[in-house]
Amino acid sequence: MIVVTGASGNVGGQVVALLAAAGERVTAVSRRTAELPEGVRQVRADLDDPAGLKDAFEGADVMFLLVAGQNPQAILDAAMVGGVRRVVLLSSQGAGTRPDFYRHPAAFEDAVRRSGLEWTILRPGGFHSNAYAWAESVRGGRTAAAPFGDVGLPTIDPADIAEVAATVLREDGHAGRVYELTGPAPTTPRERVAAIGAALGTPVRFAEQTREEARAQMLQFMPEQVVEGTLAILGEPTDAERRISPDVERVLGRAPRSFADWAVRNAAAFR
């Protein structure tokens, strides 16, 4: 059985659906009730309360682990008691490129490596779906604001992350691997806004923010340390953060989906 934590989330929900469609026995773990495919077992639990995870892990042998909660070792201990022998961790590119800023995912990576379990670590860069932050302003005024408008990064479709995760969870041969997950090409914020406009069939204006304007906005929903790391990546990415990784194609046998493709599939959110 495969346990999927964060099962109501952007990636976890798709992982559950893919595993269920493949005929796997799945336990979906989330803090809130989620709409799940038929046959999927649901357990409401919080990764900040590892003692409450006992029921979720009973009889499981593989786990998809989200970076959530403050005690990764306690989560892993609970999983091992339940029978889990293999873990796939959804971490972050920043854990590798800027661990001083992304200490939370870096701590999870360290715990997973030391756990004694078979492990695979997934490190996606920025998500295509971060563009949802523009949905309200695009719907209301056909405009979208962001800093560093002409700095390109190879963001990735969450659907590709989920498909990689589902494949790695079901297959052998991925133990000890760290997969860097990116899209097929770098795109700038200005280009992503134009792609949304093309998907809508109407122009969307790009408005460039200053670093301080973006910082103030991001501090409303992100810890300061993560905000500083994120702004550094967006404004002055390293060569590693600009790199287009072959790992999605290596695992799936196909190229990752482009931002333009994501925009077409999700255009309804911006109408």
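As the structure is a prediction and not an experimental result, all values here were calculated from the model.

Asker: Tell me about the nonpolar core, and please be specific about residues and values.
Answerer: Within the largest apolar cluster, 28 residues are counted, with the highest numbers of intra-cluster contacts made by Val4, Val15 and Phe64. Those elements giving two or more residues to this core turn out to be strand 1 (2-5), helix 1 (12-21), strand 2 (26-30), strand 4 (62-66), strand 5 (86-90), helix 7 (158-170), strand 8 (177-181) and helix 12 (247-252). With 7 residues, the single largest contributor to this core is helix 7. Not counting the four nearest positions on each side in its chain, Phe64 is found in contact with Val3, Val4, Thr5, Val11, Gly12, Val15, Val88, Leu90, Ala165 and Leu169. With 25 residues, the next largest nonpolar core counts Ala56, Ile75, Ala78 and Leu89 among its residues.

Asker: Explain the environment of Glu171 to me, and be specific about the residues and the numbers.
Answerer: By the element assignment, Glu171 lies in the loop between helix 7 and strand 8. Within the structure, the side chain of Glu171 is placed 3.0 Å from the side chain of His174, a separation counted as a polar contact.

Asker: Describe the environment of Phe108, with residues and values.
Answerer: Here Phe108 lies in helix 5 (residues 103-114). Classification of Phe108 as buried rests on a relative accessible area of 0%. With sequence-adjacent residues up to four places away left out, Phe108 is seen in contact with Leu65, Leu66, Val67, Ala68, Gly69, Pro72, Ile75 and Leu89.

Asker: So what's going on with the packing of helix 3 (residues 72-82) against helix 5? Which residues, and what values?
Answerer: If you want to describe how two helices pack, look at the angle between their axes and the distance between the axes. Following both chains from N to C, one finds helix 3 and helix 5 inclined at 35°, their axes separated by 9 Å at the closest point. Crossing geometry of helix 3 relative to helix 5 is assigned as right-handed. Each of Pro72, Gln73, Ile75 and Leu76 in helix 3 lies in contact with helix 5, whose residues at this interface are Ala107, Phe108, Ala111, Val112 and Arg114. Of the residues in the contact of helix 3 with helix 5, the class split is 7 nonpolar, 1 polar and 1 charged.

Asker: Outline the packing of helix 1 against helix 7, supporting the account with residue identities and numerical values.
Answerer: In the contact formed by helix 1 and helix 7, the axes pass within 8 Å of each other and the chain directions differ by 50°. Considering the angle they form, helix 1 stands oblique to helix 7. In the crossing of helix 1 with helix 7, the sense of the turn from one axis to the other is right-handed. Every residue of helix 7 that contacts helix 1 at Gln14, Val15, Leu18 and Leu19 is listed here: Pro158, Ala159, Ala162, Glu163, Ala165, Ala166, Leu169 and Arg170. Split into classes, the residues belonging to the contact of helix 1 with helix 7 amount to 9 nonpolar, 1 polar and 2 charged.

Parameters and conventions
Residues numbered from 1 in each chain as written. Predicted model: local features only at pLDDT ≥ 70, side-chain atom pairs only at ≥ 80, totals over all residues. Heavy atoms only, no water. Core = buried A, V, L, I, M, F, W, Y, C linked by side-chain atoms within 4.5 Å. Buried < 20%, exposed > 50% of the residue type's maximum accessible area, 1.4 Å probe, protein only. Helix = DSSP H or I, 4+ residues; strand = E, 2+ residues; numbered from the N terminus. Contact = heavy atoms within 4.5 Å. Polar contact = N/O pair within 3.5 Å; in protein donor to acceptor, adjacent residues only side chain to side chain. Axes fitted to C-alpha atoms, helices over the stretch in contact; angles between N-to-C directions. Left-handed = near helix turned anticlockwise from the far one by under 90°. Nonpolar A, V, L, I, M, F, W, Y, C, P; charged D, E, K, R; others polar. Parallel < 35°, antiparallel > 145°, perpendicular 65-115°, else oblique.

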